[in-house]
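Examining the three-dimensional arrangement
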Amino acid sequence: MATEKTTEPFWWGLFSAGGVVAAFLVPIHIILVGFALPLGWITDTGALYRIWWVKFYLFVLIALPLYHWAHRFHFALNDMGLKPLSKALAVLCYGGAIIGTIVTAWVLLKL
Amino acid sequence: MSGTRPDPTQLYRPKMPATWWLKKKSYFLFMLRELSSVFIALFLLVYLCQIYQLTRGPEAYLSFTQKLSSPGWILFHLIALLFAVYHSVTWFQSSAVVLPVRLGEHLVPRQTVTALHIGAWVVVSLGILILFLALKG
(Lines give C-alpha, C1' and ligand atoms only; values in the text may rest on other atoms or scores of the structure.)
Protein backbone atom coordinates (compact mmCIF):
# COMPACT_ATOMS: atom_id res chain seq x y z
CA MET A 1 0.00 0.00 0.00
CA ALA A 2 1.29 3.42 -0.89
CA THR A 3 1.43 5.76 2.07
CA GLU A 4 -0.88 8.67 1.46
CA LYS A 5 -0.93 11.87 3.43
CA THR A 6 -4.33 12.17 5.04
CA THR A 7 -5.93 14.42 7.62
CA GLU A 8 -7.02 11.36 9.58
CA PRO A 9 -4.54 11.75 12.49
CA PHE A 10 -5.87 15.27 13.06
CA TRP A 11 -9.51 14.11 13.29
CA TRP A 12 -8.52 11.08 15.33
CA GLY A 13 -6.74 13.39 17.79
CA LEU A 14 -9.90 15.46 18.18
CA PHE A 15 -11.93 12.24 18.58
CA SER A 16 -9.62 11.03 21.31
CA ALA A 17 -9.52 14.37 23.15
CA GLY A 18 -13.31 14.56 22.94
CA GLY A 19 -13.58 11.04 24.32
CA VAL A 20 -11.47 11.95 27.34
CA VAL A 21 -13.48 15.13 27.99
CA ALA A 22 -16.77 13.24 27.63
CA ALA A 23 -15.62 10.42 29.92
CA PHE A 24 -14.34 12.58 32.77
CA LEU A 25 -16.59 15.65 32.65
CA VAL A 26 -19.97 14.98 31.00
CA PRO A 27 -21.76 12.70 33.54
CA ILE A 28 -21.58 15.19 36.44
CA HIS A 29 -22.89 17.93 34.13
CA ILE A 30 -25.85 15.74 33.13
CA ILE A 31 -26.62 15.28 36.84
CA LEU A 32 -26.41 19.04 37.43
CA VAL A 33 -28.26 20.29 34.33
CA GLY A 34 -30.65 17.38 33.88
CA PHE A 35 -31.64 16.68 37.49
CA ALA A 36 -30.21 18.92 40.24
CA LEU A 37 -31.27 22.26 38.73
CA PRO A 38 -34.68 21.38 37.18
CA LEU A 39 -35.77 19.37 40.24
CA GLY A 40 -34.70 22.15 42.59
CA TRP A 41 -32.01 20.26 44.54
CA ILE A 42 -29.77 23.25 43.74
CA THR A 43 -30.73 26.73 42.52
CA ASP A 44 -28.51 28.96 40.41
CA THR A 45 -28.63 32.22 38.49
CA GLY A 46 -26.21 31.25 35.74
CA ALA A 47 -23.84 33.98 36.96
CA LEU A 48 -20.86 31.62 36.84
CA TYR A 49 -21.15 31.32 33.04
CA ARG A 50 -19.93 34.93 32.77
CA ILE A 51 -16.53 34.11 34.31
CA TRP A 52 -13.88 34.03 31.56
CA TRP A 53 -12.20 30.77 32.55
CA VAL A 54 -15.57 29.06 33.05
CA LYS A 55 -16.36 30.08 29.44
CA PHE A 56 -13.09 28.55 28.29
CA TYR A 57 -13.89 25.38 30.23
CA LEU A 58 -17.38 25.23 28.68
CA PHE A 59 -15.92 25.69 25.21
CA VAL A 60 -13.69 22.63 25.76
CA LEU A 61 -16.53 20.71 27.43
CA ILE A 62 -19.01 21.29 24.59
CA ALA A 63 -16.86 21.53 21.45
CA LEU A 64 -14.45 18.60 21.83
CA PRO A 65 -17.06 15.84 22.38
CA LEU A 66 -18.76 17.01 19.16
CA TYR A 67 -15.72 15.71 17.24
CA HIS A 68 -15.91 12.54 19.28
CA TRP A 69 -19.54 12.22 18.14
CA ALA A 70 -18.66 13.01 14.52
CA HIS A 71 -16.02 10.26 14.43
CA ARG A 72 -18.09 7.55 16.13
CA PHE A 73 -21.36 8.38 14.37
CA HIS A 74 -19.65 8.49 10.99
CA PHE A 75 -18.14 5.04 11.50
CA ALA A 76 -21.34 3.64 13.02
CA LEU A 77 -23.32 4.75 9.93
CA ASN A 78 -20.63 3.24 7.69
CA ASP A 79 -20.88 -0.01 9.63
CA MET A 80 -24.66 0.01 9.30
CA GLY A 81 -24.42 -0.27 5.54
CA LEU A 82 -24.06 3.37 4.49
CA LYS A 83 -20.48 2.97 3.32
CA PRO A 84 -21.33 4.07 -0.24
CA LEU A 85 -22.24 7.47 1.25
CA SER A 86 -19.11 7.63 3.40
CA LYS A 87 -17.73 10.85 1.92
CA ALA A 88 -21.01 12.73 2.19
CA LEU A 89 -21.57 11.45 5.74
CA ALA A 90 -18.07 12.55 6.75
CA VAL A 91 -18.82 16.05 5.50
CA LEU A 92 -22.14 16.08 7.39
CA CYS A 93 -20.68 14.71 10.65
CA TYR A 94 -17.46 16.70 10.81
CA GLY A 95 -19.16 19.73 9.27
CA GLY A 96 -21.79 19.50 12.00
CA ALA A 97 -19.07 19.42 14.65
CA ILE A 98 -17.35 22.45 13.11
CA ILE A 99 -20.65 24.39 13.01
CA GLY A 100 -21.28 23.33 16.62
CA THR A 101 -17.85 24.66 17.60
CA ILE A 102 -18.55 28.02 15.95
CA VAL A 103 -22.01 28.31 17.57
CA THR A 104 -20.55 27.39 20.99
CA ALA A 105 -17.85 30.06 20.66
CA TRP A 106 -20.47 32.58 19.51
CA VAL A 107 -22.81 31.89 22.46
CA LEU A 108 -19.99 32.03 25.01
CA LEU A 109 -18.55 35.26 23.57
CA LYS A 110 -22.02 36.85 23.51
CA LEU A 111 -22.50 36.30 27.25
CA MET B 1 0.72 -7.10 -11.30
CA SER B 2 3.61 -5.24 -9.66
CA GLY B 3 3.18 -1.49 -9.59
CA THR B 4 -0.42 -1.52 -10.70
CA ARG B 5 -3.43 -1.30 -8.49
CA PRO B 6 -5.95 -4.12 -8.81
CA ASP B 7 -9.09 -3.36 -10.74
CA PRO B 8 -11.55 -2.33 -8.00
CA THR B 9 -14.45 -4.07 -9.74
CA GLN B 10 -12.54 -7.38 -9.50
CA LEU B 11 -12.02 -7.18 -5.73
CA TYR B 12 -14.01 -9.35 -3.37
CA ARG B 13 -16.14 -7.21 -1.12
CA PRO B 14 -17.92 -9.15 1.60
CA LYS B 15 -21.52 -8.03 2.02
CA MET B 16 -22.50 -7.17 5.58
CA PRO B 17 -26.20 -6.94 6.37
CA ALA B 18 -27.04 -3.59 7.98
CA THR B 19 -28.28 -5.43 11.06
CA TRP B 20 -25.09 -7.45 11.76
CA TRP B 21 -24.72 -5.74 15.13
CA LEU B 22 -28.00 -7.25 16.38
CA LYS B 23 -26.67 -10.80 15.97
CA LYS B 24 -24.33 -11.02 18.94
CA LYS B 25 -24.36 -9.39 22.36
CA SER B 26 -20.79 -8.10 22.04
CA TYR B 27 -21.60 -6.51 18.66
CA PHE B 28 -24.70 -4.92 20.17
CA LEU B 29 -22.71 -3.52 23.11
CA PHE B 30 -20.16 -2.17 20.63
CA MET B 31 -22.90 -0.34 18.75
CA LEU B 32 -24.40 0.98 22.00
CA ARG B 33 -20.97 2.37 22.86
CA GLU B 34 -20.77 4.07 19.46
CA LEU B 35 -24.27 5.50 19.92
CA SER B 36 -23.44 6.84 23.39
CA SER B 37 -21.70 9.70 21.55
CA VAL B 38 -25.06 10.74 20.05
CA PHE B 39 -26.68 11.20 23.47
CA ILE B 40 -23.61 12.94 24.87
CA ALA B 41 -23.66 15.39 21.94
CA LEU B 42 -27.44 15.94 22.27
CA PHE B 43 -27.05 16.69 25.98
CA LEU B 44 -24.28 19.20 25.26
CA LEU B 45 -26.55 20.95 22.74
CA VAL B 46 -29.30 21.19 25.38
CA TYR B 47 -26.73 22.61 27.80
CA LEU B 48 -25.63 25.13 25.16
CA CYS B 49 -29.29 26.15 24.65
CA GLN B 50 -29.61 26.68 28.40
CA ILE B 51 -26.48 28.85 28.49
CA TYR B 52 -27.78 30.77 25.44
CA GLN B 53 -30.91 31.70 27.44
CA LEU B 54 -28.68 33.86 29.66
CA THR B 55 -28.14 36.22 26.73
CA ARG B 56 -31.92 36.79 26.77
CA GLY B 57 -32.00 37.54 30.49
CA PRO B 58 -32.25 35.75 33.85
CA GLU B 59 -36.00 34.99 33.45
CA ALA B 60 -35.43 33.15 30.18
CA TYR B 61 -32.66 31.14 31.87
CA LEU B 62 -34.89 30.21 34.82
CA SER B 63 -37.89 29.27 32.68
CA PHE B 64 -35.66 27.06 30.50
CA THR B 65 -34.32 25.32 33.61
CA GLN B 66 -37.87 24.76 34.84
CA LYS B 67 -38.92 23.40 31.46
CA LEU B 68 -36.31 20.66 31.91
CA SER B 69 -38.26 19.30 34.91
CA SER B 70 -40.96 17.80 32.64
CA PRO B 71 -41.07 13.97 32.61
CA GLY B 72 -39.94 13.84 28.98
CA TRP B 73 -36.79 15.83 29.69
CA ILE B 74 -36.05 13.87 32.88
CA LEU B 75 -36.34 10.66 30.83
CA PHE B 76 -34.04 12.10 28.16
CA HIS B 77 -31.43 13.05 30.77
CA LEU B 78 -31.73 9.64 32.44
CA ILE B 79 -31.01 7.92 29.11
CA ALA B 80 -28.21 10.40 28.38
CA LEU B 81 -26.69 9.77 31.82
CA LEU B 82 -26.74 5.99 31.36
CA PHE B 83 -25.07 6.33 27.95
CA ALA B 84 -22.53 8.82 29.32
CA VAL B 85 -21.59 6.53 32.21
CA TYR B 86 -21.31 3.62 29.74
CA HIS B 87 -19.00 5.74 27.60
CA SER B 88 -16.87 6.66 30.66
CA VAL B 89 -16.47 3.07 31.84
CA THR B 90 -15.72 1.65 28.37
CA TRP B 91 -13.36 4.55 27.68
CA PHE B 92 -11.38 3.86 30.87
CA GLN B 93 -11.30 0.16 30.02
CA SER B 94 -9.91 0.82 26.55
CA SER B 95 -7.48 3.45 27.86
CA ALA B 96 -5.96 0.74 30.05
CA VAL B 97 -5.36 -1.33 26.90
CA VAL B 98 -4.17 1.53 24.66
CA LEU B 99 -1.93 3.15 27.29
CA PRO B 100 -0.44 0.37 29.40
CA VAL B 101 1.22 1.61 32.59
CA ARG B 102 4.64 0.26 33.60
CA LEU B 103 6.10 0.28 37.09
CA GLY B 104 9.75 -0.58 36.62
CA GLU B 105 9.80 -4.00 34.99
CA HIS B 106 6.19 -4.78 35.76
CA LEU B 107 3.09 -3.99 33.78
CA VAL B 108 0.32 -2.68 36.00
CA PRO B 109 -2.75 -4.94 35.54
CA ARG B 110 -5.42 -3.47 33.27
CA GLN B 111 -8.08 -3.69 35.94
CA THR B 112 -5.92 -1.58 38.25
CA VAL B 113 -5.40 1.07 35.54
CA THR B 114 -9.16 1.15 34.85
CA ALA B 115 -9.90 1.40 38.58
CA LEU B 116 -7.46 4.32 38.90
CA HIS B 117 -9.20 6.08 36.00
CA ILE B 118 -12.56 5.55 37.66
CA GLY B 119 -11.16 6.90 40.93
CA ALA B 120 -9.86 9.98 39.10
CA TRP B 121 -13.24 10.37 37.40
CA VAL B 122 -15.03 10.43 40.79
CA VAL B 123 -12.55 12.99 42.16
CA VAL B 124 -12.91 15.22 39.06
CA SER B 125 -16.73 14.96 39.23
CA LEU B 126 -16.74 15.95 42.92
CA GLY B 127 -14.36 18.81 42.11
CA ILE B 128 -16.74 20.13 39.43
CA LEU B 129 -19.69 19.80 41.81
CA ILE B 130 -17.86 21.75 44.56
CA LEU B 131 -16.76 24.44 42.09
CA PHE B 132 -20.29 24.72 40.74
CA LEU B 133 -21.73 25.12 44.24
CA ALA B 134 -19.06 27.69 45.11
CA LEU B 135 -19.54 29.79 41.96
CA LYS B 136 -23.24 29.38 41.14
CA GLY B 137 -24.29 32.71 42.72
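In short, a report on the structure. (Residues numbered from 1 in each chain as written. Chains lettered and ligands numbered in written order. Predicted model: local features only at pLDDT ≥ 70, side-chain atom pairs only at ≥ 80, totals over all residues.)

Here we look at the overall build of chain A
Counted only if it meets this: Only DSSP runs of H or I covering at least 4 residues are called helices, and only runs of E covering at least 2 are called strands; the numbering of each starts at the N terminus. Radius of gyration here uses only the C-alpha atoms, and the compact-globule reference equals 2.2 Å multiplied by the residue count raised to the power 0.38.
In terms of regular secondary structure, chain A is built from three helices and zero strands. When the helices and strands of chain A are read in sequence order from the N terminus, they spell out α-α-α. For chain A, the C-alpha radius of gyration of 17 Å lies well beyond 13 Å, the compact-globule estimate for 111 residues. Across its three principal axes, chain A shows a C-alpha extent of roughly 55 × 25 × 20 Å.

A look at the overall build of chain B
What counts, and what does not: Here a residue counts as buried when 20 or more other C-beta atoms fall within 10 Å of its C-beta, as exposed when 12 or fewer do, and as partly exposed in between; the C-beta atoms come from the backbone. By the convention adopted here, residues are in contact when the distance between their C-beta atoms, placed from the backbone, does not exceed 7 Å.
Scanning chain B for helices and strands turns up four helices and two strands. In terms of overall dimensions, chain B is more spread out than a globule: its C-alpha atoms have a radius of gyration of 23 Å, far above the 14 Å expected for 137 residues. For chain B, the spread of C-alpha atoms along the principal axes amounts to about 70 × 50 × 35 Å. Out of the 137 residues belonging to chain B, those deemed buried represent 20%. A separation threshold of at least 6 residues defines the contact pool for chain B, and within that pool the share at least 24 residues apart is 48%.

Remarks on the packing of helix H1 (residues 8-36) of chain A against helix H3 (residues 71-98) of chain B
The criterion, for reference: Orientation is described by axes fitted as lines to C-alpha atoms, over the contacting stretch for helices, and by angles from 0 to 180 degrees between their N-to-C directions. In this scheme, roughly parallel covers angles under 35 degrees and roughly antiparallel covers those over 145, while 65 to 115 is roughly perpendicular and the rest are oblique. A clockwise turn of the near helix away from the far one marks a right-handed crossing, whereas an anticlockwise turn of less than a right angle marks a left-handed crossing. Amino acids outside the nonpolar list (Ala, Val, Leu, Ile, Met, Phe, Trp, Tyr, Cys, Pro) and the charged list (Asp, Glu, Lys, Arg) are all regarded as polar, and Gly is one of them.
The N-to-C vectors of H1 of chain A and H3 of chain B enclose an angle of 155 degrees; their axes lie 9 Å apart at closest approach. Our classification of the angle between H1 of chain A and H3 of chain B gives roughly antiparallel. Once H1 of chain A is placed against H3 of chain B, the crossing between them reads as left-handed. When H1 of chain A is examined against H3 of chain B, the residues Gly-19, Ala-22, Ala-23, Val-26, Pro-27, Ile-30, Ile-31, Gly-34 and Phe-35 of chain A are found in contact with a partner set consisting of His-77, Ala-80, Leu-81, Ala-84, Val-85, His-87, Ser-88, Trp-91 and Phe-92 of chain B. Broken down by class, the residue content of the contact of H1 of chain A with H3 of chain B amounts to 13 nonpolar, five polar and no charged.

Concerning the interface of chain B and chain A
Chain B puts 43 residues into the contact, and the matching count from chain A is 42 residues. Elements that contribute at least two residues to the side of chain B that touches chain A include exactly helix H1 (25-53), helix H2 (58-67), H3 and helix H4 (110-135) of chain B. With 14 residues, the top contributor of residues to the side of chain B that touches chain A is H1 of chain B. Taken together, the residues of the side of chain B that touches chain A sort by class into 30 nonpolar, eleven polar and two charged.

Describing the environment of Gly-95 of chain A
Take Gly-95 of chain A: it is sitting in helix H3 (residues 86-110). Residues Gly-95 of chain A and Tyr-67 of chain A, spaced 28 residues apart in sequence, show a C-alpha to C-alpha distance of 9.6 Å.

Considering the packing of H1 of chain A against H1 of chain B
Helix-helix packing is described using two parameters, namely the angle between the two axes and the distance between the axes. Between H1 of chain A and H1 of chain B, the shortest axis-to-axis distance is 11 Å and the interhelical angle comes to 55 degrees. When the axes of H1 of chain A and H1 of chain B are compared, the pair comes out oblique. Crossing of H1 of chain A against H1 of chain B: the hand is left-handed. On the side of H1 of chain A, the interface is formed by Ala-22, Val-26, His-29, Ile-30 and Val-33 of chain A, while H1 of chain B contributes Ile-40, Phe-43, Tyr-47 and Gln-50 of chain B. Considering only residue class, the contact of H1 of chain A with H1 of chain B consists of seven nonpolar, two polar and no charged.

Observations regarding H4 of chain B
Note that an α-helix has 3.6 residues per turn; residues three or four places apart therefore point the same way. Selection rule: Take the residue count of a helix, subtract one, and multiply by 1.5 Å to get its expected span.
The first and last C-alpha atoms of H4 of chain B sit 37 Å apart over 26 residues, in line with the 38 Å expected at 1.5 Å per residue. Gly-137 of chain B sits one or two residues past H4 of chain B and shows a positive phi near 75 degrees.

Honestly, it's all geometry; don't read function into it.
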